[in-house]
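Commentary on secondary and tertiary structure
Residues per chain, in single letters:
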Amino acid sequence: MRLVGISGALAGEKTSIVVNDVLVAAQHLDSNIQTELIDLRDYEIDLFNGSPLIAYNEDTWNVVQKILSADFLVFGTPIYQASISGALKNLLDHLPEYAFKHKVTGMVATGWSNRHFLVMEYHLRSILSYFKGLVPTGNVFVHNNSFNENSDEIIDERVSERIQALAEEMVYLQHGINNR
């Protein structure tokens, strides 16, 4: 199985760290899982304008193909103005309607306000469901204070436990889908 993580942040490291932690946890659960982190900071995704995918640049094409070829996915976003990042929304706009059919689509988010955890439930979940993704019951919101001084490691053990629980649920659900 191939698990792809998408970090929808164009600035900072926190979202990418959390997405990567989910990938690592999933791989520890099942060593046969191949993982890949797509960090949107490393790609120039064209602004969606309604054209067919072939009309966009190579980065856009390659990232969309990686997402479509994944068996399951985890999406990470920083929360800006009580919403997912514009970079992540723009990427999602490039995908076809049934992009996540028979795929588990996990969610993680980072932000400064504890109230922002609701963005995943009321915004990102509905987008992933539109694409026919199976969204796990668990998700992970990581307050920026849960990182160390250098912002390069999660120091809150409860957050690490939630990341582990999300990985477990995602792997369990995807195995179930694959064995139907």
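About the thresholds
Residues numbered from 1 in each chain as written. Predicted model: local features only at pLDDT ≥ 70, side-chain atom pairs only at ≥ 80, totals over all residues. Heavy atoms only, no water. Axes fitted to C-alpha atoms, helices over the stretch in contact; angles between N-to-C directions. Helix = DSSP H or I, 4+ residues; strand = E, 2+ residues; numbered from the N terminus. Parallel < 35°, antiparallel > 145°, perpendicular 65-115°, else oblique. Left-handed = near helix turned anticlockwise from the far one by under 90°. Contact = heavy atoms within 4.5 Å. Nonpolar A, V, L, I, M, F, W, Y, C, P; charged D, E, K, R; others polar. Buried < 20%, exposed > 50% of the residue type's maximum accessible area, 1.4 Å probe, protein only. Core = buried A, V, L, I, M, F, W, Y, C linked by side-chain atoms within 4.5 Å. Salt bridge = Lys/Arg side-chain N within 4 Å of Asp/Glu carboxyl O. Phe/Tyr/Trp six-rings, centres within 6.5 Å; stacked < 30°, edge-to-face > 60°.

The name recorded for the chain in an unreviewed UniProt entry is NADPH-dependent oxidoreductase, from Oceanobacillus profundus.

The subject of this paragraph is the packing of helix α1 (residues 14–29) against helix α5 (residues 157–178). Where α1 meets α5, the axes come as close as 8 Å, and the angle between the chain directions of the two elements is 55°. Taken together, α1 and α5 sit at an angle that is classed as oblique. The two elements α1 and α5 meet at a crossing, and its hand is right-handed. Of α5, the residues touching α1 (which contributes V18, D21, V22, A25, A26 and L29) are I163, Q164, L166, A167, E168, M170 and V171. Within the contact of α1 with α5, the residues separate by chemical class into 10 nonpolar, 1 polar and 2 charged.

All right, on to unusual backbone geometry then. With a phi angle near 50°, Q81 is a residue other than glycine that sits in the positive phi range. Here Q81 is to be found in the loop between β3 (72–78) and α3 (86–93). Non-glycine residue A82 carries a positive phi angle of around 60°. Summarising the element assignment, A82 is placed in the loop between β3 and α3. Overall, the relative accessible area of 48% leaves A82 in the partly exposed class.

This brings us to the nonpolar core. The tendency in soluble globular proteins is for nonpolar side chains to be buried side by side. Counting residues in each nonpolar core, the largest one holds 32 residues, and the members touching the most others are I6, I67, F75, L92 and F100. It is helix α4 (residues 118–130) that provides the largest number of residues to this core, a total of 5 residues. If you look at the next biggest cluster of nonpolar residues, it comprises 24 residues, including I33, V74, V159 and M170.

Oppositely charged side chains are able to pair whenever their charged atoms sit close together. Enumeration over the complete set of coordinates arrives at 8 salt bridges. Of the charged contacts, one joins E36 and R2 as a salt bridge, the two residues approaching to 2.7 Å between their closest N and O atoms. Taken together, the residues span a long stretch of sequence, with E36 in strand β2 (residues 34–39) and R2 in strand β1 (residues 2–7) at a distance of 34 residues. The salt bridge partner of R41 is E13, with a shortest N-O separation of 3.0 Å. Here E13 lies in the loop between β1 and α1 and R41 lies in the loop between β2 and α2 (58–69), a separation of 28 residues in the sequence. Its relative accessible area of 43% is what places E13 among the partly exposed residues. A single salt-bridge network, built from bridges that share partners, covers R2, E36 and K66.

A few words on the packing of aromatic side chains. In total, this model carries 4 aromatic pairs according to the counting rule given. When the centroid spacing of 5.4 Å and the interplanar angle of 50° are considered together, the rings of F75 and F100 count as tilted. Here the residue F75 occupies a position in strand β3, and F100 occupies one in the loop between α3 and β4 (105–111), the gap between them amounting to 25 residues. Residues F75 and F100 agree in their burial class; the two are buried. For the ring pair Y130 and F131, a centre distance of 5.3 Å and an interplane angle of 75° mean the geometry is edge-to-face. Judged by relative accessible area, which is 46%, Y130 ranks as partly exposed. The exposure class assigned to F131 is buried, which follows from its relative accessible area of 5%.

Turning next to the side chain of S146. Along the chain, S146 turns up in the loop between β5 (140–143) and α5. In this view, S146 contacts E153, I154, I155, D156 and V159; residues no more than four positions away in its chain are not counted.

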